[in-house]
Amino acid sequence: MSTDTLRFTLSPNLSISRITHGHWRLNNWNYSPKELDVLINNLVEIGVTTFDHADIYGDYSCEEIFGKTLNQNPALRHNIEIITKCGIKLLSAKFPERKIKYYDYSYDHIVNSVEASLRNFNTDYIDLLLLHRPAPFFNPEEVAKAFSALEKSGKVKAFGVSNFLPGQFEMLQSFTEQKLVTNQIEISPINTEHLDNGNIDFLIKQHVIPMAWSPLGGGSIFSNSDERSVRLNKVLNEIAMLHSVKSVETIIYAWLLNHPSNIVPIVGSSKFERVKTAVEAQNINLTTEEWYQIYIASKGHDVP
Ligand code: NAP
């Protein structure tokens, strides 16, 4: 079975691996910089070169944890792509002046957030910057100005969004010189919202590749603690047997990878072998009937 990871070109100066690795939970993994270096190098060897962060992950600690590894092994920076996000202001002991959690998409906040991310990562450029969430108070002219300044200074190569709906995506795109290259949204057999609300159809129309966060529902798919996960596990196990694969995770990733919208899963596991199952899933072709068996198990009823 091939363990090469495909790549997607998102813009003239940025390509990402088809399977990406998410670092939301990095602060809980308790890896030393050396141990993290080993994991990252093993992933790069199987073609997983793109790492997803956000300024706020781990109460503003995850970027810095990754940065310590990059500091120890600077050559690694040339072999990987870093995605990070901005826009959410968390209540945190690190920002004692804040009274509430809120969103800030002002020019100053976006630019300052990127500057902080660059310091945290020990790098001088971010490959892809995403706006973390849509916001009810949002000035697209400020965002456009920030994107242009960050592009011109070489601090960010490409731009995108996360958790946006089509109208929000189009609105921002109409103001920015830069093409928005992705929308990072939650997609898994346990959360089919964006397959149902027109968002994925919109992204196909725009030729924009969706990134799927929590592709295993954060591990909740395996809980067998509610009717949906029980139904899903039964069907996933049956399909895994038919395809002679050991792990149902492979079938979950294949369900995402087989979708015509070119979904890029962001694998959130701390374990190399589990990320490898996502890479191996690129070799699994599900039939359309199998794809719908999983979808219907998620819904708990037939399609209309
Ligand atoms: P996930 O891959 O759905 O879940 C990962 C979790 O599932 C880990 O705790 C992992 O534990 C566990 N897991 C994996 N296989 C398992 C198994 N067979 N049995 C039991 N547990 C299992 O992804 P996620 O971490 O929720 O999210 C992935 C990435 O998406 C994040 O790191 C972040 O980069 C991104 N994200 C983005 C947003 C956004 O708003 N843009 C929101 C959330 C997340 P082990 O470590 O032990 O394998």
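Residues numbered from 1 in each chain as written. Predicted model: local features only at pLDDT ≥ 70, side-chain atom pairs only at ≥ 80, totals over all residues. Heavy atoms only, no water.

## Focus: the overall build of the protein chain
Scanning the protein chain for helices and strands turns up 13 helices and 12 strands. Here the C-alpha radius of gyration of the protein chain, 19 Å, is about what a compact globule of 304 residues would show, namely 19 Å. Along the first, second and third principal axes, the C-alpha set of the protein chain runs to 55 × 45 × 40 Å. Within the protein chain, buried positions represent 56% of all 304 residues. Within the protein chain, contacts between residues separated by at least 24 positions form 74% of all contacts whose residues are at least 6 apart in sequence. Surface exposure of the protein chain reaches about 13,800 Å², of which carbon and sulfur atoms provide 52%. The average position of the 28 basic charges and that of the 34 acidic charges among the side chains of the protein chain differ by 3 Å. (Helix = DSSP H or I, 4+ residues; strand = E, 2+ residues; numbered from the N terminus. Rg over C-alpha atoms; globule rule 2.2 N^0.38 Å. Buried < 20%, exposed > 50% of the residue type's maximum accessible area, 1.4 Å probe, protein only. Contact = heavy atoms within 4.5 Å. Areas by Shrake-Rupley, 256 points an atom, 1.4 Å probe, with all protein chains shown as cover. Lys, Arg positive; Asp, Glu negative; His and termini not counted. Charge placed at Lys NZ, Arg CZ, Asp CG, Glu CD.)

## Observations concerning the sheet that holds strand β5 (residues 81-86)
The 8 strands lie next to each other as β3-β4-β5-β8-β9-β10-β11-β12, forming a closed barrel whose pairing is parallel. Sheet twist, expressed as the mean angle between neighbouring strand axes with direction ignored, is 30°. Of the strand pairs in this sheet, strand β9 (residues 156-162) and strand β10 (residues 180-186) are connected by 3 bridges, and their pairing is parallel. Counted as the bridge partner of F159 is L180 from β10. Of the strands in this sheet, β5, β8 (126-131) and β9 are in contact with helix α5 (residues 107-121), which crosses β8 at around 140°. (Pairing = 2+ DSSP bridges. Axes fitted to C-alpha atoms, helices over the stretch in contact; angles between N-to-C directions.)

## Description of the site of the ligand
In the vicinity of the ligand, 26 residues are found, and the nearest of them are D52, S214, S269, S270 and K271. Between the ligand and the protein, one listed contact pairs a nitrogen atom with a side-chain N or O atom of Y57 at 3.4 Å. Contact distances for the ligand include 2.5 Å between an oxygen atom and a side-chain N or O atom of S269. In isolation the ligand has 920 Å² of accessible area, and contact with the protein removes 87% of it. Per-class residue counts for the shell around the ligand are 7 nonpolar, 13 polar and 6 charged. (Near = heavy atom within 4 Å. Polar contact = N/O pair within 3.5 Å; in protein donor to acceptor, adjacent residues only side chain to side chain. Nonpolar A, V, L, I, M, F, W, Y, C, P; charged D, E, K, R; others polar.)

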